[in-house]
Amino acid sequence: MHRSDALQWLCRDVYAEYQPLRDEWERRYNSKVLYWTNWYYAPLVTRQPINSIADIRGKRIRGYGAANEVIERLGGTAVPMAAPEVYTALERGVLDGVYGFDFITAVAYKLHEIAPYFTDIGDGPHGPAATIINARVWNNFPDPVKQVSDQIVSEIYGGEYARIYEAAARQYVKTAKAEGAKFSSLPQAEKDRARTLVQPAQTEGWVERVAKPAGLDGLAMQALVNQAIAKYDTQGSLKRFDELAAEA
């Protein structure tokens, strides 16, 4: 996808429509999902500028989970590492870059002091996440409290998420630029090439390695994801870090 606010709506719809996902949260974990969110956008943060996919080849890049697979498919060497160790690893040259930190977190960790290049590689928003509450606790709330919560959730989906994140991102862009960070975006042809290297192989791998062993119909869930992408992807508006940097 292209916009973080659109990914939020996608997660809401897929959760409502895919029963096994609801069962996992509501039956297995006895949780109520209040709303879905995500980690904004995650730049490729590097010590040296990245102007093409070829520039990633051989680079030692910290990642985690699905991010590691992206790094490897783009020709880099994924290095799993705990977040608190990343700054020192960049400083010592153990790492050439970092991928998977959302932009705000990367700046908060001051990674740009060592790796000042923030590159949009065309990967879209990151880290779908749920804000949850124990179902028993929720059920014991009085109705007025539930109504206030539902109203807040409605406001989050209605634009507050985008407003809050964009305001925060603008401030972090201002801070990072003042401290020497450089912002760029790969040419569209390179972004398209990156996508073909990663997808649909990554999704197909999830279906085979994760969904099938768990007894889930991964293709059915992916079909719902694809429908939601078609519905919402053009409606999102939350600007990326490089877009905000171009305005500053």
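Above this text you will find the structure in question.
Scope of this entry: the structure provided in the associated data block. (Residues numbered from 1 in each chain as written. Predicted model: local features only at pLDDT ≥ 70, side-chain atom pairs only at ≥ 80, totals over all residues. Heavy atoms only, no water.)

**A closer look at the overall build of the protein**
- Counting secondary structure elements, the protein contains 11 helices and eight strands.
- The C-alpha radius of gyration computed for the protein amounts to 19 Å, which stays within 12% of the reference 18 Å derived for 248 residues, consistent with globular compactness.
- Considering only C-alpha atoms, the protein reaches an extent of 55 × 40 × 35 Å along its principal axes.
- Per-residue burial over the protein gives 45% buried out of 248 residues.
- In the protein, once contacts between residues fewer than 6 apart in sequence are set aside, the share between residues at least 24 apart is 77%. (Helix = DSSP H or I, 4+ residues; strand = E, 2+ residues; numbered from the N terminus. Rg over C-alpha atoms; globule rule 2.2 N^0.38 Å. Buried < 20%, exposed > 50% of the residue type's maximum accessible area, 1.4 Å probe, protein only. Contact = heavy atoms within 4.5 Å.)

**Looking at the packing of helix 9 (residues 201-211) against helix 10 (residues 218-232)**
- Direction vectors running N to C along helix 9 and helix 10 enclose 140°, while the axes themselves pass 9 Å from each other. Here helix 9 is positioned oblique relative to helix 10, judged by the angle of their axes. Here helix 9 and helix 10 pass one another in a crossing that is right-handed. Each of Thr-203, Trp-206, Val-207 and Ala-211 in helix 9 lies in contact with helix 10, whose residues at this interface are Gly-218, Leu-219, Met-221 and Gln-222.
- Among the residues forming the contact of helix 9 with helix 10, the class breakdown is five nonpolar, three polar and no charged. (Axes fitted to C-alpha atoms, helices over the stretch in contact; angles between N-to-C directions. Parallel < 35°, antiparallel > 145°, perpendicular 65-115°, else oblique. Left-handed = near helix turned anticlockwise from the far one by under 90°. Nonpolar A, V, L, I, M, F, W, Y, C, P; charged D, E, K, R; others polar.)

**Thoughts on unusual backbone geometry**
- Of note, the amide linkage connecting Gln-199 to Pro-200 takes the cis form, showing an omega dihedral of 10°.
- Residue placement: Pro-200 occurs in the loop between helix 8 (188-198) and helix 9.
- One non-glycine residue, Asn-30, lies in the positive phi region at around 50°.
- Following the sequence through the fold, Asn-30 ends up in the loop between helix 2 (19-28) and strand 1 (31-37).

**Observations concerning empty space enclosed by the protein**
- Tallied over the full model, the rule gives one cavity of 30 Å³ or more.
- Here the largest cavity is characterised by a volume of approximately 40 Å³.
- Lining of the largest cavity is provided by Leu-44, Ile-56, Ile-61, Val-70, Ile-71, Leu-74, Tyr-99 and Ile-121.
- In the lining of the largest cavity, the residues fall into eight nonpolar, no polar and no charged. (1 Å grid on protein atoms, 1.4 Å probe; cavity = no way out; pocket = protein on both sides within 12 Å on 5 of 7 lines; lining within 4 Å. Points joined across faces, edges and corners; volume = space filled by probe spheres on them.)

**Focus on the sheet that holds strand 5 (residues 97-98)**
- Pairing is mixed across the open sheet formed by six strands, whose spatial order is 4-3-5-2-6-8. The open sheet terminates on both sides in strands that have one partner only, identified here as strand 4 (77-80) and strand 8 (182-185).
- The pairing of strand 2 (residues 44-46) with strand 6 (residues 117-120) spans three bridges and is classified as antiparallel. Directly across from Thr-46, in strand 6, lies its bridge partner Tyr-117. (Pairing = 2+ DSSP bridges.)

**Points about the side chain of Ser-31**
- By the secondary structure assignment, Ser-31 is in strand 1.
- What makes Ser-31 buried here is its relative accessible area of 8%.

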